[in-house]
Amino acid sequence: MPQCVLPWLTSWSIQRALAKRLPDPLRVLYVSTELYPALKTGGLADVNAALPKALLGLGVDIRLLLPAYPALLQAAAGLRPVAQLRSPFGDIEVRLLYGQIDSVPVYLIEAGNLYQRPDNPYVDGEGRDWPDNYLQFALLSWTAASFADGAIDDWRPDIVHGHDWHAGLAPAYLAARAGARPGSVFTVHNLAFQGAFPATIFNKLALPAGFFSMDGLEFYGNVNYMKSGLHFADRITTVSPMYSLEIQTPEQGFGMDGVLRARAGAVCGILNGVDYDLWNPQSDTTIAARYCAQDAAGKGECKHALRAEFGLASSGGPVFCVISRLTAQKGVDLVLDALPALLRRGGQMVLLGSGEPALEAQLRVAAARFRGAVGVRLGYDERLAHRILAGSDVIVVPSRFEPCGLTQLYGLAYGTLPLVHHVGGLADTVRDTTKERLAAGTATGFTFEGATLGGLREAAARAFALWSKPVLWEQVRRTAMSQQFGWAAPARHYRDLYQDLRPVAQ
Ligand code: ADP
């Protein structure tokens, strides 16, 4: 095995930190919907798995609150009922179970059949929103706020930390309570998804009538769960600093820029991290060979295996890859447009994704048209994502907007240079290969301004130019692999934010 730095966080270190918690630790209820590996539709699941662990490592008494989706029930250990709650939502009986998932304390909410959704929590098999989404997530938020008085499990959080629109009503339910309440933090992982519902549902939410107003959770005549989070939370965070600024502009604010500007003093960006226990080519057992920054011979083996797996011809050119949800946000259409030029220059391409049927169809066409040079896998395959990252030279992330993005960070860790649109978290994490940065040894990838075919092609041309100079390519690869985007720093940032808010939480 190559001699490299070992992952910084192990479950052993979490256990140790748990054992020596401070006498009066910060208590945080972390409210969300998905959790890697049991239930994942995107990067949110990765964040939910890693950030609480890192906070536990800092001595924070953090507990997750999630709906008891079948996959989560199955993943949990030592579950025991801790509370029965009478909800304001008709005759739904709420039962709270407490246990652990992967050593992290977790409350799961059982509510009759409400959370009996075997696959995707948000949409049905046809990709349509579940018709009772308003109820699923109102109940999640209402349950979170029910912890405020300490009656549940004899545990009162100092902070309730909700994630994305699914938990957007939690700060509203907290604000509606009389007397003492925990502080609230609301994190925006993607402002494009807002949870907007017709005004008619408002009466079912058991919130004060005055909350349905401009100075509340009403937004253009609808009930908007995202706006609720943005309006009522004590603090708002986004998953990268750049995104926190972008969403305050009309161009990238998805209509919420005014709401966000009004709360500018409460907004901050904290960059997501990478769980190097999972995403580390030195210890990754799912890839063909292990490697690290100082000794990347194994990456060649991974590339060989990837070409074999996708039936790509042997070639001296670089392998590009895309691992993505297939939606307009991710700009995969630009990659398809750029494909002929990339192949003409001697590149190859592997794409893994699932999503919009039209894009899936275009990927199928590309695979058939460029057999031997383009490999496509439609679907969701976690292990394949690792093999593709390890076996490729460049990961392309041309997102039109990107709150943080994780695949470019995984690309850096695997020495698969990110080629990205200079936006959001992509701009915060990838340093373009300019002459100056090459000389200074700080370049880590390729960036382009404006999500256009021209921009992507220009950055790709520079990638080919670097590829033709193997010594320089190796230098950039080493720099990329030595970047540290672990969760330690972001977790400290969240801990400090919670600490700041603690006095508010009375
Ligand atoms: P988003 O959350 O917007 O989809 P991120 O880059 O933050 O984008 O996170 C995407 C996560 O989902 C990464 O862990 C990535 O590896 C994974 N992913 C996306 N599509 C697939 C797929 N088809 N198969 C396996 N993993 C995927």
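Participant: Could you give me a rundown of the overall build of the protein, with the residues and numbers involved?
Facilitator: Across its full length, the protein carries 18 helices and 18 strands. What you see for the protein is a C-alpha radius of gyration of 23 Å, in line with the 23 Å of a compact globule of 506 residues. Projected onto its principal axes, the C-alpha positions of the protein cover 65 × 50 × 40 Å. With 506 residues in all, the protein has 60% of them scored as buried. Carbon and sulfur atoms make up 54% of the accessible area of the protein, which totals about 19700 Å². Where the 46 positive side-chain charges of the protein centre and where its 46 negative ones centre are 5 Å apart.

Participant: With reference to specific residues and values, describe the sheet that holds strand 7 (residues 183-188).
Facilitator: Sheet architecture is open: 9 strands sit in the order 3-4-5-2-1-6-7-11-12, paired in mixed fashion. The two strands at the open ends of the sheet, each matched to only one other strand, are strand 3 (77-86) and strand 12 (267-269). Averaged over all adjacent pairs, the angle separating strand axes in this sheet is 25 degrees, with direction ignored. As paired strands, strand 1 (residues 27-31) and strand 6 (residues 159-163) are joined by 4 bridges and run parallel to one another. Across the sheet, Leu-29 pairs through a bridge with Val-160, a residue of strand 6. The sheet strands contacting helix 4 (residues 133-146) are strand 1, strand 2 (61-67), strand 3, strand 4 (93-101), strand 5 (104-111) and strand 6, and the helix crosses strand 2 at an angle near 150 degrees.

Participant: Summarise helix 11 (residues 357-369); cite the residues concerned and give the values.
Facilitator: For helix 11, built from 13 residues, the straight-helix expectation of 18 Å at 1.5 Å per residue is met to within 8% by its first-to-last C-alpha distance of 18 Å. Taken together, the buried positions of helix 11 are Leu-359, Glu-360, Leu-363, Ala-366 and Ala-367. Looking down the long axis of helix 11, one finds its buried residues gathered within 120 degrees of arc, a one-sided arrangement. In helix 11, the exposed positions that point more than 90 degrees away from the buried face belong to Pro-357, Ala-358, Val-365 and Arg-369. Lining the buried residues of helix 11 we find strand 13 (319-326), helix 10 (332-344), strand 14 (348-355) and strand 15 (374-378).

Participant: Break down the pattern of salt bridges for me, citing the residues and quoting the values.
Facilitator: Note on pairing: side chains with opposite charge can pair once their charged atoms come close. A full pass over the atoms with the stated rule returns 25 salt bridges. As a salt-bridge pair, Glu-382 and Lys-40 come within 3.2 Å of each other at their nearest N and O atoms. A residue pair is termed long-range when its members are at least 10 positions apart, and Glu-382 in helix 12 (residues 382-391) and Lys-40 in the loop between strand 1 and helix 2 (43-57) qualify at 342 residues. Pair check on accessibility: Glu-382 and Lys-40 agree, each one buried. With a closest N to O distance of 2.7 Å, Arg-400 and Asp-333 form a salt bridge. Placement of the pair is Arg-400 in the loop between strand 16 (394-397) and helix 13 (407-413) and Asp-333 in helix 10, with a sequence separation of 67 residues. Residue classification places Arg-400 among the partly exposed positions, given a relative accessible area of 31%.

Participant: So what's going on with unusual backbone geometry? Which residues, and what values?
Facilitator: A negative phi angle characterises most non-glycine residues, just as the trans form characterises most peptide bonds. For the bond running from Tyr-36 to Pro-37, omega is 0 degrees, close enough to zero to count as cis. For Pro-37, the position within the fold is in the loop between strand 1 and helix 2. Despite not being glycine, Asp-153 has its phi angle at roughly 55 degrees, a positive value. Mapped onto the elements of the fold, Asp-153 is located in the loop between helix 4 and strand 6. Looking at Asp-153, the relative accessible area reads 22%, which means it is partly exposed.

Participant: Account for the environment of Tyr-225, naming residues and giving values.
Facilitator: Along the polypeptide, Tyr-225 turns up in helix 6 (residues 225-232). Expressed as a C-alpha distance, the spacing of Tyr-225 and Ala-196, which sit 29 residues apart in the sequence, is 6.4 Å. When neighbours within four sequence positions are excluded, Tyr-225 is seen to be in contact with Tyr-134, Phe-137, Ala-138, Trp-165, Gly-168, Leu-169, Gln-194, Gly-195, Phe-197, Ile-201 and Leu-205. Within polar-contact distance, the side chain of Tyr-225 engages the backbone oxygen of Tyr-134 at 2.7 Å.

Participant: Give me the nonpolar core: which residues, what numbers.
Facilitator: Of all hydrophobic cores here, the largest spans 98 residues; its most connected members are Leu-65, Leu-139, Leu-205, Tyr-225 and Leu-230. The residues touching Leu-205, leaving out its near neighbours within four places in the chain, are Phe-89, Tyr-134, Ala-138, Leu-169, Tyr-173, Val-223 and Tyr-225. Grouped together as the second largest cluster of nonpolar side chains are 76 residues, Phe-310, Ala-338, Val-396 and Val-430 included.

Participant: Now, about the sheet that holds strand 10 (residues 222-224): what can you tell me, with residues and values included?
Facilitator: Spatially, 3 strands are ordered 8-10-9 in an open sheet, and the strand pairing comes out antiparallel. At either end of the open sheet lies a strand with only one pairing partner, and these are strand 8 (196-197) and strand 9 (218-219). In this sheet, strand 10 lies alongside strand 9 in antiparallel orientation, the contact comprising 2 bridges. Pairing of Glu-218 across the sheet is with Val-223, part of strand 10. Along the sheet face, helix 6 touches strand 8, strand 9 and strand 10 and points at about 60 degrees away from the line of strand 10.

Participant: An account of the packing of aromatic side chains is requested, with residue identities and associated values reported.
Facilitator: A complete count under the given rule lists 22 aromatic pairs for this structure. With centroids separated by 6.4 Å and ring planes inclined at 65 degrees, the aromatic side chains of Tyr-134 and Phe-197 adopt a geometry described as edge-to-face. Within this pair, whereas Tyr-134 is found in helix 4, its partner Phe-197 is found in strand 8, the two being separated by 63 residues in sequence. Per residue, the accessibility class of Tyr-134 equals that of Phe-197, and both read buried. Here the aromatic residues Tyr-122, Tyr-134, Phe-137, Trp-165, Phe-197 and Tyr-225 are joined through ring pairs into a cluster of three or more. One cation-aromatic arrangement involves Arg-117 over Trp-130; the distance from NZ or CZ to the ring centre is 5.2 Å.

Participant: Before we move on, could you go through the site of the ligand and cite the residues and values that matter?
Facilitator: Near the ligand you find 18 residues, and of these Lys-40, Gly-43, Asp-46, Arg-325 and Gly-379 are the closest. Backbone polar atom of Gly-43 to an oxygen atom of the ligand: 2.7 Å apart, as the coordinates give it. At 3.0 Å from a nitrogen atom of the ligand is found a main-chain nitrogen or oxygen belonging to Asp-381. Taken together, the elements giving at least two residues each to the shell around the ligand come down to helix 2, strand 13, strand 14 and helix 13. For the shell around the ligand, the element with the highest residue contribution is strand 13, accounting for 3 residues. A per-class count over the shell around the ligand returns 5 nonpolar, 7 polar and 6 charged.

About the criteria used
- Residues numbered from 1 in each chain as written.
- Predicted model: local features only at pLDDT ≥ 70, side-chain atom pairs only at ≥ 80, totals over all residues.
- Heavy atoms only, no water.
- Helix = DSSP H or I, 4+ residues; strand = E, 2+ residues; numbered from the N terminus.
- Rg over C-alpha atoms; globule rule 2.2 N^0.38 Å.
- Buried < 20%, exposed > 50% of the residue type's maximum accessible area, 1.4 Å probe, protein only.
- Areas by Shrake-Rupley, 256 points an atom, 1.4 Å probe, with all protein chains shown as cover.
- Lys, Arg positive; Asp, Glu negative; His and termini not counted.
- Charge placed at Lys NZ, Arg CZ, Asp CG, Glu CD.
- Pairing = 2+ DSSP bridges.
- Axes fitted to C-alpha atoms, helices over the stretch in contact; angles between N-to-C directions.
- Contact = heavy atoms within 4.5 Å.
- Expected span 1.5 Å × (residues − 1).
- Arc of directions from axis to C-beta.
- Salt bridge = Lys/Arg side-chain N within 4 Å of Asp/Glu carboxyl O.
- Polar contact = N/O pair within 3.5 Å; in protein donor to acceptor, adjacent residues only side chain to side chain.
- Core = buried A, V, L, I, M, F, W, Y, C linked by side-chain atoms within 4.5 Å.
- Phe/Tyr/Trp six-rings, centres within 6.5 Å; stacked < 30°, edge-to-face > 60°.
- Lys NZ or Arg CZ within 6 Å of the ring centre and 35° of its normal.
- Near = heavy atom within 4 Å.
- Nonpolar A, V, L, I, M, F, W, Y, C, P; charged D, E, K, R; others polar.

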